[in-house]
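Topology and contacts: notes
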2 protein chains.
Amino acid sequence: MKLETKIEYFTTPLYLESGRILEPYQIAYETYGELNHDASNVILVCHALSGSHHAAGLYEGDRKAGWWDELIGDGKAIDTQKYCVISTNVIGSCFGSTGPMSSNYPSDKPYRLKFPVLTIKDMIKAQKQLLSNLGIYHVKAIVGGSMGGMQALQFAVDYPNFAEQIISLAATYATQPWTIAFNKVAMEAIRRDPRFDNGQYEKDAFIEEGLDGLAIGRIAGHISYLSPESMNDKFGRNYVNNDGLFELFGRYEVERYMEYNTSNFSKLFDPMSYLYIVKAINTFNLSRGYDSLYDAIIRIKAKMTLISFSSDYLFFPKEMEHIHYMMQRNEQNSKYFEIDSNYGHDAFLVELDKFDYIIKQALEESN
Amino acid sequence: MKLETKIEYFTTPLYLESGRILEPYQIAYETYGELNHDASNVILVCHALSGSHHAAGLYEGDRKAGWWDELIGDGKAIDTQKYCVISTNVIGSCFGSTGPMSSNYPSDKPYRLKFPVLTIKDMIKAQKQLLSNLGIYHVKAIVGGSMGGMQALQFAVDYPNFAEQIISLAATYATQPWTIAFNKVAMEAIRRDPRFDNGQYEKDAFIEEGLDGLAIGRIAGHISYLSPESMNDKFGRNYVNNDGLFELFGRYEVERYMEYNTSNFSKLFDPMSYLYIVKAINTFNLSRGYDSLYDAIIRIKAKMTLISFSSDYLFFPKEMEHIHYMMQRNEQNSKYFEIDSNYGHDAFLVELDKFDYIIKQALEESN
C-alpha cells in the first residue's frame, strides 16, 4: 500500500456554524485502496481528538503505523482490496489541514485566537467539500470512533443521502458535562500556562520542550480514556522499581505512564489546535440546528451500526444505546453492540479483534 | 455549642513510617460536647483531603458551618449531648497542625520540600498521641469519610483495642491507580507552576491570587468527587446565560462551577500541604507493614460499619465491600451499607439524611 499525504486547497468559502467564514482553507488526507469506475466504493474514516489523517499503513522510517492500521488494509475488516478508504485531517487540527496556527490570509500571520470557533458540523462540511472536489457524491460508509464517531453521526443527520452506512464507535448523541469537565482541565491548564502566552507563542515553540499545560491536561484526558479496571490490570499499585526506592519515596507506575505519555504528546500537538478541537467536542450536540434530538435522528436514512464499550468512562454505553432506542422506536435501521472490554474508551483503538468483525459484516451486507 | 480551635504542642518525637522523625509538632483540634467522668464517651472524627478540624458549629462571622455540621451536634446522629467529639487537623495540613510550611525547628524557616513524607499511619499516630495527652486511652468510635475513612480503618488495624466502633465512609482498603492518576493531575499542575517555584514561594503568597496549578489540579479533583449522573442533574448541557452569548462562544455551567470552586480553593489551601496530603492518600494501603491484607484485617477487634455510595467514582463501592467480605469470612463484626446516591464521592458530605441514621444506630448499639 503506497502511502502519501495529499493536500486539497479550497478557495471557495466554508460557511461555519458560528456565522463566520473560513477562506481559503486546506485539508490533508490519505487514501488506501483504489477508487472503482463509478466511485461507489468509498469509505470515509474520521479521526478522534489527537488523531490525524494517518489512519493506516507505515511510513518509511516510522515505528508506528496509522492509528487504525489493524482495521484498514488488504484483507482486513475495512478491506482496501475492495474499498477506497479516505481519511482526512479535521480542520482545526495541526497535521496539515487549516487550523489556528495557519496563516490568516491575506496576511502571513497565524490566526491564533482569531481562528473561528469550529464544530463537528463544520468539520464534516469541509470533508464533504473535499469529497465533492474528488468527484465523490455518495459513500459506502462513514466510520469513526470517539470524535470520529461524532462526525459519522453528524454526517448521518446533516446529509441523510450521503452515506449508505454509518458506523460510529465510542461516541454520544451530545457531549455530557462529565466529559466537558475533563476537557476543562486541559483548557485551563493550557490557558494558564505562561508559555502559552495567550496564544502569542511562536509556531513550533514546543517541539523541544512541550507545553506543560497541554501535558497536564492530557493526564486528565488519559484518565478518561482508560478505566479503573484497565488501570488495575495495567499498573495496580506497582511502583517504579528502577527508582530503587521504598514505596513512600518512589513513583507509581501509573504516574510514570502519565508523565511519559503526556510529555511526549505535548511536543507533538499544537496546544491551540487542542483548545479548538476540545471545544468542538464540547459543543457536539446532534440536536442543535433541529427542533429536538428526535427531529435530528428521524432524518437518518443510512444503516446505522453503533458500537460502545462496557468500560468506557468518557462516553458511556447508555449514550450510544439512547440513539439506538430512538431509531428503533422510529423503525429506522439500527444495530447496537456493547462490547465487553476492560480497556475503557481506548478500546476502540486497542481491542480491534473484539469488534472488527462487526464492521466487516456491516460493510459486506451493503454490497 | 461553644467553638474554639485548640492547639496541642508535642516535644516528644513522632517516629514516622518513612524512618524520619517529626519533632516538635503541634495539632489543631476542636471538641464538641463534654467529656464524661471516666472519659468513656469520646468520638474521634477524621477529615478528608481538603477538610480541617472544623467539623461542626459556626464561628461568629462565618457563613458556613463545619463540614459535618448536619451530623454532629445536640440531638444529631453524633449527639453532642451524649458524646464528646474530638476533631483534629491532620499533620501535613495547613490549618494549624504542623505541615510543610511550618518552621523547621530550630530554624524559623519553613520546611518546604524538606518536610518528611507523611502517611495515613503517621496521621493517626499523631492523633493517638494527642488523645493520650488529653488523658483519653480508649474511644467509643472513630468516624470519617474519604481520607477520614482511611484514618478510621488504619486505626482499626494499627490499634485494635483503641476504638469500640469504626465507622468508615467512602474509602478503600488501598488506593487504586485510578485515584492515583487523578491525584497526578494536581501533583504535576502544582509542581510545574512557575509560581510554585519548587516550593520556594513565600508563605501566604497565594492568598490574593491562588496558585493556578492547585486550581487546575482541583478541577480534576472535583470531577472525581462528582459523578456523571450528578453532573447531568446539576448542570446538564446548560451554558452560562448571563454571558449573553450563543452556545458556541459561551461557557457551560459545569465549566463555571469548576472555575469558581477551584479558584477560590486555591486561595485557601497551601499547595505544598496539598502535595503532601495527596501523597499520603496515594500511599494508603492497609496491608503495608503486615504480611498481607488478610493479616491486617484479621487484627481488627472493633465493630466495623462500612458505608459506600453507589455513584462514588473515586473509591468504588466494591473496594469497601471487599473489606466487609474479608471480615465476614473471618467472622469479625462488620456491617456494610451501599447507599443509593447520584452525588458521587461527595455524597458523604452532602446526602447525610441517607446515612446519618446508620451512624446513630451504630453508636446506640454500643451504649
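What comes next is a walk through the structure. (Residues numbered from 1 in each chain as written. Chains lettered and ligands numbered in written order. Predicted model: local features only at pLDDT ≥ 70, side-chain atom pairs only at ≥ 80, totals over all residues. Heavy atoms only, no water.)

**Quick look at the interface of chain B and chain A**
At the junction of the two partners, chain B supplies 54 residues and chain A supplies 54 residues. Both faces combined, the contact of chain B with chain A buries some 4,700 Å², and carbon together with sulfur accounts for 69% of it. Among the residues of chain B in contact with chain A, Trp178, Arg237 and Leu248 of chain B are the three that bury the most area, contributing 16% of the side total. Our count for the contact surface shared by chain B and chain A stands at six salt bridges. Across the salt bridge formed by aspartate 212 of chain B and arginine 192 of chain A, the nearest N and O atoms sit 2.8 Å from each other. For the pair chain B and chain A, the interface holds 15 residue pairs in polar contact (both at pLDDT 80 or more). Of all the elements, helix 3 (residues 177–191) of chain B adds the most residues to the side of chain B that touches chain A, at ten residues. Grouping the amino acids of the side of chain B that touches chain A by side-chain chemistry returns 29 nonpolar, twelve polar and 13 charged. (Contact = heavy atoms within 4.5 Å. Buried area = accessible area lost by both parts, 1.4 Å probe. Salt bridge = Lys/Arg side-chain N within 4 Å of Asp/Glu carboxyl O. Polar contact = N/O pair within 3.5 Å; in protein donor to acceptor, adjacent residues only side chain to side chain. Helix = DSSP H or I, 4+ residues; strand = E, 2+ residues; numbered from the N terminus. Nonpolar A, V, L, I, M, F, W, Y, C, P; charged D, E, K, R; others polar.)

**Thoughts on the sheet that holds strand 4 (residues 25–32) of chain A**
Residues and elements named next belong to chain A. Overall, mixed pairing links the eight strands, which are arranged 1-4-8-5-9-10-11-12 in an open sheet. Because the sheet does not close on itself, it has two edges, and the strands there are strand 1 (6–10) and strand 12 (334–339). This sheet shows a mean twist of 20° between the axes of neighbouring strands, independent of strand direction. Looking at chain direction, strand 9 (residues 139–145) and strand 10 (residues 163–169) are connected through six bridges and run parallel. For valine 139, the partnering residue across the bridge sits in strand 10 and is alanine 163. (Pairing = 2+ DSSP bridges. Axes fitted to C-alpha atoms, helices over the stretch in contact; angles between N-to-C directions.)

**As for the relation of the copies chain B and chain A**
If you rotate chain B by 180° and push it 0.0 Å along the axis, it lands on chain A with an RMSD of 0.0 Å. Taken together, the rotation and translation describe the operation of a two-fold axis. Taking the C-alpha atom as reference, chain B places alanine 220 of chain B closest to the rotation axis, 3.4 Å from it. Mapped onto chain A, 100% of the interface residues of chain B are again interface residues, and the two copies thus contact each other with one and the same surface. (Least-squares fit on C-alpha atoms with pLDDT ≥ 70 in both.)

**Examining the nonpolar core**
Counting residues in each nonpolar core, the largest one holds 77 residues, and the members touching the most others are Ile91, Ile142, Ile166 and Tyr274 of chain A. No other element matches the eight residues that helix 7 (residues 271–282) of chain A contributes to this core. Beyond its immediate sequence surroundings of up to four residues, tyrosine 274 of chain A is in contact with Leu49, Ala186, Ile190, Leu214, Arg218, Tyr225, Phe265 and Phe269 of chain A. Within the second largest apolar cluster, 76 residues are counted, among which are Leu22, Ile120, Ile124 and Ile281 of chain B. (Core = buried A, V, L, I, M, F, W, Y, C linked by side-chain atoms within 4.5 Å. Buried < 20%, exposed > 50% of the residue type's maximum accessible area, 1.4 Å probe, protein only.)

**Here we look at the sheet that holds strand 12 (residues 334–339) of chain B**
Pairing between sheet strands relies on hydrogen bonds along the backbone, with the strands arranged either parallel or antiparallel. Residues and elements named next belong to chain B. The strand order across the open sheet built from eight strands is 1-4-8-5-9-10-11-12, with neighbouring strands paired in mixed fashion. Of all strands in the sheet, those with a lone pairing partner are strand 1 (6–10) and strand 12, marking the two edges. With direction set aside, neighbouring strand axes in the sheet form an average angle of 20°.

**Overview of helix 1 (residues 120–133) of chain A**
Residues and elements named next belong to chain A. End to end, helix 1 covers 20 Å across 14 residues, agreeing with the expected 20 Å (1.5 Å per residue, within 8%). Among the residues of helix 1, Ile120, Lys121, Asp122, Met123, Ile124, Ala126, Gln127, Leu130 and Leu131 are the ones counted as buried. At the exit of helix 1 stands glycine 135, carrying a positive phi of roughly 80°. (Expected span 1.5 Å × (residues − 1).)

**Details of unusual backbone geometry**
All names here are of chain A. A cis amide bond links tyrosine 105 with the next residue in sequence, proline 106, at an omega value of 5°. One can find proline 106 in the loop between strand 8 (84–88) and helix 1. Positive phi is not limited to glycine here, since alanine 170 has a value of about 50°. Relative to the helices and strands, alanine 170 resides in the loop between strand 10 and helix 3 (177–191). Overall, the relative accessible area of 1% leaves alanine 170 in the buried class. Positive phi values are uncommon outside glycine, yet glutamate 331 reaches one of about 55°.

**Things to note about the packing of helix 3 of chain A against helix 4 (residues 212–225) of chain B**
Interhelical geometry of helix 3 of chain A versus helix 4 of chain B gives an angle of 170° and a closest axis separation of 9 Å. Regarding the angle of helix 3 of chain A to helix 4 of chain B, the classification is roughly antiparallel. Contact residues: helix 3 of chain A offers Trp178, Ala181, Phe182, Lys184, Val185, Glu188 and Ala189 of chain A, while helix 4 of chain B offers Ile216, Ile219, Ala220 and Ile223 of chain B. Residue composition of the contact of helix 3 of chain A with helix 4 of chain B, by class: nine nonpolar, no polar and two charged. (Parallel < 35°, antiparallel > 145°, perpendicular 65-115°, else oblique.)

**Brief notes about the pattern of salt bridges**
Under the definition given, this model contains 31 salt bridges over all chains. The shortest N-O distance in the salt bridge between lysine 82 of chain A and glutamate 364 of chain A comes to 3.9 Å. Taken together, the residues lysine 82 of chain A in the loop between strand 7 (78–79) and strand 8 and glutamate 364 of chain A in helix 11 (residues 356–365) connect sequence positions 282 residues apart. Of the residues examined, lysine 82 of chain A reaches a relative accessible area of 41% and is grouped as partly exposed. Overall, the relative accessible area of 36% leaves glutamate 364 of chain A in the partly exposed class. The network of salt bridges with shared partners includes Lys184, Glu188, Arg191 and Arg192 of chain A together with Asp212, Arg251 and Glu259 of chain B.

**Considering the side chain of lysine 184 of chain B**
Along the polypeptide, lysine 184 of chain B turns up in helix 3. The class of lysine 184 of chain B is buried, set by a relative accessible area of 3%. Apart from the residues within four sequence positions on either side, lysine 184 of chain B is in contact with Ile219, Glu255, Met258 and Glu259 of chain A.

**Remarks on the packing of aromatic side chains**
Evaluated as defined, the whole model comprises 41 aromatic pairs over all chains. Consider the rings of phenylalanine 316 of chain A and tyrosine 313 of chain B, whose centres lie 6.5 Å apart with planes at 85°: the pair is edge-to-face. Residue phenylalanine 316 of chain A is located in the loop between strand 11 (303–309) and helix 9 (317–329), and its partner tyrosine 313 of chain B is located in the loop between strand 11 (303–309) and helix 9 (317–329); the two belong to separate chains. For phenylalanine 316 of chain A, a relative accessible area of 14% corresponds to the buried category. Taking the centre distance of 5.7 Å and the plane angle of 40° together, the rings of phenylalanine 196 of chain B and tyrosine 201 of chain B count as tilted. For the pair shown, phenylalanine 196 of chain B and tyrosine 201 of chain B are each scored as buried. Pairwise contacts between aromatic rings join Trp178, Phe182, Tyr313 and Phe316 of chain A together with Trp178, Phe182, Tyr313 and Phe316 of chain B into one cluster. Over the face of the ring belonging to tyrosine 159 of chain B we find lysine 128 of chain B, whose NZ or CZ atom lies 4.8 Å from the ring centre. (Phe/Tyr/Trp six-rings, centres within 6.5 Å; stacked < 30°, edge-to-face > 60°. Lys NZ or Arg CZ within 6 Å of the ring centre and 35° of its normal.)

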